[in-house]
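What follows is each chain in one-letter form.
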Amino acid sequence: MKTWHLAATAAVMLGALAAVGTAEDKKMTPLDFKMKDIDGKDFDLAKLKGKVVLFVNVATNCGYTKQYEGLQDLYAKHQKDGLVIVGVPANEFGGQEPGTDEEIKKFCTTKYKVSFPMMSKVLVKGDDQIALYKTLVEATPNKEGKVEQVGWNFEKFLIGRD
């Protein structure tokens, strides 16, 4: 059985994304950020505006790593409809992403034939959390209104076209 059902239940729809203020009080949305891709090149997330974007913090040595297969299948099936999956390697959860960007890319493309955009390894929680993930978690409080950090590998944030 494919593990995509985990992704579907973990996804958080951000249709009307609550913006987070910066020091300049500028409203930032997830697609206002720039990152480095897995090859070290600049990747402007703004080029994904108007698409449905699924951010996934990934790890190659996790029990959920098999989700790469379902994510790739989903991307292959719906890319033509405007879906973009963005893999964001992170090593904060049990040290399950210890590799370099080059090793991560080789693993993903060789074992799972990943063709969706992969970013350079970053921190998705804690004091040095990247601004993108700070924006994502602050925009998705739980039912009680409390902001919770990313809990484990393969947590997903779904961004609507608008």
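Just above sits the structure.
Just so it is clear, the model here is predicted, and its values are computed rather than measured. (Residues numbered from 1 in each chain as written. Predicted model: local features only at pLDDT ≥ 70, side-chain atom pairs only at ≥ 80, totals over all residues. Heavy atoms only, no water.)

**Quick notes on the environment of Val-150**
- Structurally, Val-150 can be placed in the loop between α4 (131-138) and β7 (156-159).
- With 14 residues separating them along the chain, Val-150 and Leu-136 place their C-alpha atoms 9.4 Å apart. (Helix = DSSP H or I, 4+ residues; strand = E, 2+ residues; numbered from the N terminus.)

**Considering the nonpolar core**
- Leu-45, Phe-55, Val-88 and Tyr-133 are the most contacted members of the largest nonpolar core, which has 24 residues in total.
- Elements that contribute at least two residues to this core include exactly β5 (52-58), β6 (83-89), α4 and β7.
- The element contributing the most residues to this core is α4, with 4 residues.
- Residues contacting Tyr-133, with those up to four places away along its chain left out, are Phe-55, Val-56, Asn-57, Val-88, Val-124, Val-150 and Phe-157.
- One finds Cys-108, Phe-116, Met-118 and Phe-154 within the second-largest nonpolar core, a separate group that totals 18 residues. (Core = buried A, V, L, I, M, F, W, Y, C linked by side-chain atoms within 4.5 Å. Buried < 20%, exposed > 50% of the residue type's maximum accessible area, 1.4 Å probe, protein only. Contact = heavy atoms within 4.5 Å.)

**Quick look at the packing of aromatic side chains**
- Enumeration over the complete set of coordinates arrives at 7 aromatic pairs.
- Pairwise contacts between aromatic rings join Tyr-68, Phe-107, Tyr-112 and Phe-154 into one cluster.
- Looking at Lys-47, its charged tip hangs above the ring of Phe-43, at a distance of 4.2 Å from the centre. (Phe/Tyr/Trp six-rings, centres within 6.5 Å; stacked < 30°, edge-to-face > 60°. Lys NZ or Arg CZ within 6 Å of the ring centre and 35° of its normal.)

**Focus: the pairing of β7**
- The two faces of β7 match: Lys-156 and Leu-158 on one face and Phe-157 and Ile-159 on the other face are all buried.
- Strand direction decides the pairing type here: β5 and β7, joined by 4 bridges, are antiparallel. If you follow Val-53 over to β7, its bridge partner there is Ile-159. (Pairing = 2+ DSSP bridges.)

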